[in-house]
Amino acid sequence: MGPGGTVRIEVERAILQSADEAAAAIRALLSERKIFALNLISSPGSGKTTLIEALLARFDGKGGVAVVEGDIETEIDAERIRKHGVQVRQINTHTSCHIQPSRLLSVLREMDLSETRLLLVENVGNLVCPAEVPLGEDARVVLLSVTEGDEKPLKYPLVFKTSDLLVITKTDLLPYVTFDVDRVRRAARAANPAVEIFEVSATTGAGMSDLLDRIEALRAAKK
Amino acid sequence: MHELGVAGEILDVVLSEADRHAAKKVTSIRLRVGVLRSIEPENLSFLFEHLARGTAAEGAFLEIVEEPVRIECEGCGVSEARAFKCECPRCHGPNVSVTGGDSLRILTLDIED
Ligand SMILES: [Zn+2]
């Protein structure tokens, strides 16, 4: 090729590679300290913070729980969790609609995790962007409330495809809304045959203990 | 504005590759984008053009190769689709597994030295 010519170069690189590298560093940090981490993803208002509170009650006295709250601007959720007397850190993402793994990594490096056995990361309320970005978690949990409609897995399949647990929340409201649980189960399973599905109501407590038992078992299985 | 972050990531990779190959100018970028990535190609091109101003990738053409999902039906084998579906597009049977459609890769760059 002479000067000024055009040449085609093969790149073959995943675009989110830098995020993957930060996620791998988080995974290594967690694994070295035997901390089990959940990445909680949902639309705003689906019950992530409520699930975190239920987990805090369940793990009370069984080793430390630490929480990282992601939110675009506010500290409202972090304040709510702080009242439970656990270690909480807030990540305000500002223009970004998900937690960046590099940001989570630097927050984890600043935290005292010597007593921590369970790390709960509440991602920014959004079903699109958090699905694309791994945070080095052991399990990814997507929450879907019955008030959001049963088309979400068809509209946002990536988050259902990449999640280990699907939690259908606010099931006490099923008599009042149009929401076909079987339709959601079918779509989620088509995207991810291995997804474990739970139906819960934080209001009545229905299904909560099965979900908490499962998370406790997953936590215990991490060597 | 989901595409803004993706456009920024693409530009980072493109500029570091351009640098590595001592390219003066990047003229064309070929991407493979899965249909599950919720990316609007026009929006991505617009944002990329904006971010690339004043860099070696200014004015580069983004060629987006769409990656479909593969729908594997128990009854009739594999079909492809441009959106996620939880039933077979041929027989409408519910026993399907859906794979692919989640790529987000840079395939090639055309550069001038
Ligand atoms: Zn079929």
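Structure: see above.
Residues numbered from 1 in each chain as written. Chains lettered and ligands numbered in written order. Predicted model: local features only at pLDDT ≥ 70, side-chain atom pairs only at ≥ 80, totals over all residues. Heavy atoms only, no water.

**Looking at the overall build of chain A**
Which entries qualify depends on this criterion: Each helix corresponds to a stretch of at least 4 residues labelled H or I by DSSP, and each strand to a stretch of at least 2 residues labelled E; elements are numbered beginning at the N terminus. Only the C-alpha atoms count toward the radius of gyration. The rule for a globule is 2.2 Å times the residue count to the power 0.38. A simple rule labels every residue: compare its accessible area, found with a 1.4 Å probe on the protein chains alone, to the largest value its type can have, and call it buried under 20%, exposed over 50%, or partly exposed in between. Note on contacts: a residue pair qualifies if any of its non-hydrogen atoms lie within 4.5 Å across the two residues. For every accessible area listed, the method is Shrake-Rupley and the probe measures 1.4 Å; residues are considered covered only by the protein chains on display.
Regarding its fold elements, chain A presents nine helices and eight strands. For chain A, the C-alpha radius of gyration of 19 Å lies close to 17 Å, the compact-globule estimate for 223 residues. Structurally, chain A occupies a C-alpha span of about 75 × 45 × 35 Å along its principal axes. Counting all 223 residues of chain A, 52% fall into the buried class. Of all intrachain contacts in chain A linking residues separated by at least 6 positions in sequence, the fraction that spans at least 24 positions is 71%. For chain A, the exposed surface amounts to about 9,700 Å²; the carbon and sulfur share of it is 50%.

**Re the pattern of salt bridges**
Residue and element names in this part refer to chain A. Here is the rule: Whenever Lys or Arg places a side-chain nitrogen within 4 Å of a carboxyl oxygen from Asp or Glu, that contact is recorded as a salt bridge.
For the structure on display, the rule yields 24 salt bridges over all chains. Salt-bridge contacts for Glu75 lead to Arg82; the nearest nitrogen and oxygen are separated by 3.8 Å. Owing to a relative accessible area of 33%, Arg82 belongs among the partly exposed residues under this scheme. Among the ionic pairs, Glu148 bridges to Lys152, the shortest N-O distance being 3.0 Å.

**What to know about the interface of chain A and chain B**
Here is the rule: Summed over both partners, buried area is the accessible surface (1.4 Å probe) that two parts give up on being assembled. Side-chain atoms alone can form a polar contact between residues adjacent in sequence; in general such a contact is a pair of N or O atoms within 3.5 Å, and within protein one must be able to donate a hydrogen while the other accepts it.
Contacts between the two partners involve 29 residues from chain A, matched on the other side by 32 residues from chain B. At the boundary of chain A with chain B, total buried surface from both sides reaches about 3,000 Å², with 57% on carbon and sulfur atoms. For chain A, the biggest contributors to the area lost against chain B are Ile9, Arg13 and Ile15 of chain A; these three give 23% of the whole. Inspection of the region where chain A meets chain B yields five salt bridges. Its salt-bridge partner being Glu12 of chain A, residue Arg105 of chain B comes within 2.8 Å of it at the nearest N-O pair. The interface formed by chain A and chain B contains 12 residue pairs in polar contact (both at pLDDT 80 or more).

**A closer look at helix 2 (residues 48–59) of chain A**
All names here are of chain A. Put simply, the rule is: Here the expected length of a helix is defined as 1.5 Å per residue gap, with one fewer gap than residues.
In a regular helix each residue adds 1.5 Å, so 12 residues correspond to 16 Å; helix 2 covers 16 Å between its end C-alpha atoms and thus fits that length. Of all the positions in helix 2, only Lys48, Thr49, Leu51, Ile52, Ala54, Leu55, Leu56 and Phe59 are classed as buried. With its phi angle positive at about 80 degrees, Gly61 sits one or two positions after the end of helix 2.

**A closer look at the sheet that holds strand 4 (residues 77–81) of chain B**
Residue and element names in this part refer to chain B. The following threshold applies: Strand pairing follows a simple DSSP-based rule, namely that at least 2 bridges must link the two strands. To get an axis, a line is fitted to the C-alpha atoms, and for a helix only the part in contact is used. The angle between two axes follows their N-to-C directions and goes from 0 to 180 degrees.
The strand order across the open sheet formed by three strands is 4-3-5, and the pairing between neighbours is antiparallel. On the outer flanks of this sheet lie strand 4 and strand 5 (96–100), each paired with one strand and no other. In this sheet, adjacent strand axes meet at a mean angle of 25 degrees when their direction is disregarded. Sheet topology note: the strand 3 (residues 69–73)/strand 5 ladder contains five bridges and is antiparallel. The residue bridging Cys73 from the neighbouring strand is Val96, located in strand 5.

**Focus on helix 8 (residues 181–191) of chain A**
Taken together, the buried positions of helix 8 of chain A are occupied by Val181, Val184, Ala187, Ala188, Ala190 and Ala191 of chain A. Residues of helix 8 of chain A that are buried sit in contact with strand 6 (139–145), helix 6 (152–155), helix 7 (157–161), strand 7 (165–169) and strand 8 (196–199) of chain A together with strand 5 of chain B.

**Structural notes on the side chain of Glu122 of chain A**
Along the polypeptide, Glu122 of chain A turns up in strand 5 (residues 116–122). Those residues within four positions of Glu122 of chain A in sequence are excluded, and the remaining contacts are Leu40, Lys48, Thr49, Ile52, Val68, Glu69, Gly70, Asp77 and Ile99 of chain A.

**Focus on the coordination of the zinc ion**
Residue and element names in this part refer to chain B. Inclusion rule: Only nitrogen, oxygen and sulfur atoms qualify as donors, and only when within 2.8 Å of the metal (3.2 Å in the case of Na, K and Ca); with water excluded, sites may look incomplete. Angle rules define the geometry names used: all angles between 85 and 135 degrees makes four donors tetrahedral, while opposite donors over 155 degrees apart and all other angles between 65 and 115 make four donors square planar and six octahedral, leaving every other case irregular.
Donor atoms from the polypeptide that coordinate the zinc ion comprise Cys73 (SG), Cys76 (SG), Cys88 (SG) and Cys91 (SG), at 2.2 to 2.3 Å from the metal. For the zinc ion, the four donor atoms in the first shell make angles of 102 to 119 degrees at the metal, so the coordination geometry reads as tetrahedral. The sequence pattern formed by the donor residues of the zinc ion is C-x2-C-x11-C-x2-C. Residue Cys73 is classed as buried on the basis of its relative accessible area, which comes to 9%. According to the relative accessible area criterion, Cys76 is partly exposed, its value standing at 26%.

**Thoughts on the state of the cysteines**
Among covalent bonds in proteins, the disulfide is the one between the sulfur atoms of two cysteines. Put simply, the rule reads: Any cysteine sulfur atom paired with another within 2.5 Å is treated as part of a disulfide.
On inspection of all chains with the given rule, the structure shows zero disulfides over all chains. Between Cys86 of chain B, a cysteine without a disulfide, and Cys88 of chain B, which holds the nearest cysteine sulfur, the sulfur-to-sulfur distance is 12 Å.

**Side note on the pairing of strand 2 (residues 61–67) of chain B**
Residues and elements named next belong to chain B. To be explicit about the condition: By convention, a crossover is right-handed whenever its connection, traced from the first strand over the helix to the second and viewed with the strands pointing away, goes clockwise.
Here seven bridges tie strand 1 (residues 25–34) to strand 2, and the two strands are oriented parallel to one another. Along strand 2, the bridge assignment pairs Val33 with Glu66. Note that the unit made of strand 1, helix 2 (residues 41–52) and strand 2 has a crossover that is right-handed.

**Here we look at the side chain of Glu137 of chain A**
All names here are of chain A. With respect to the helices, strands and loops of the structure, Glu137 is situated in the loop between helix 5 (129–132) and strand 6. Only 2.8 Å separates the side chain of Glu137 from the side chain of Arg140, close enough to count as a polar contact. Residues in contact with Glu137, not counting those within four places in the same chain, are Arg27, Ala37, Leu38 and Asn39.

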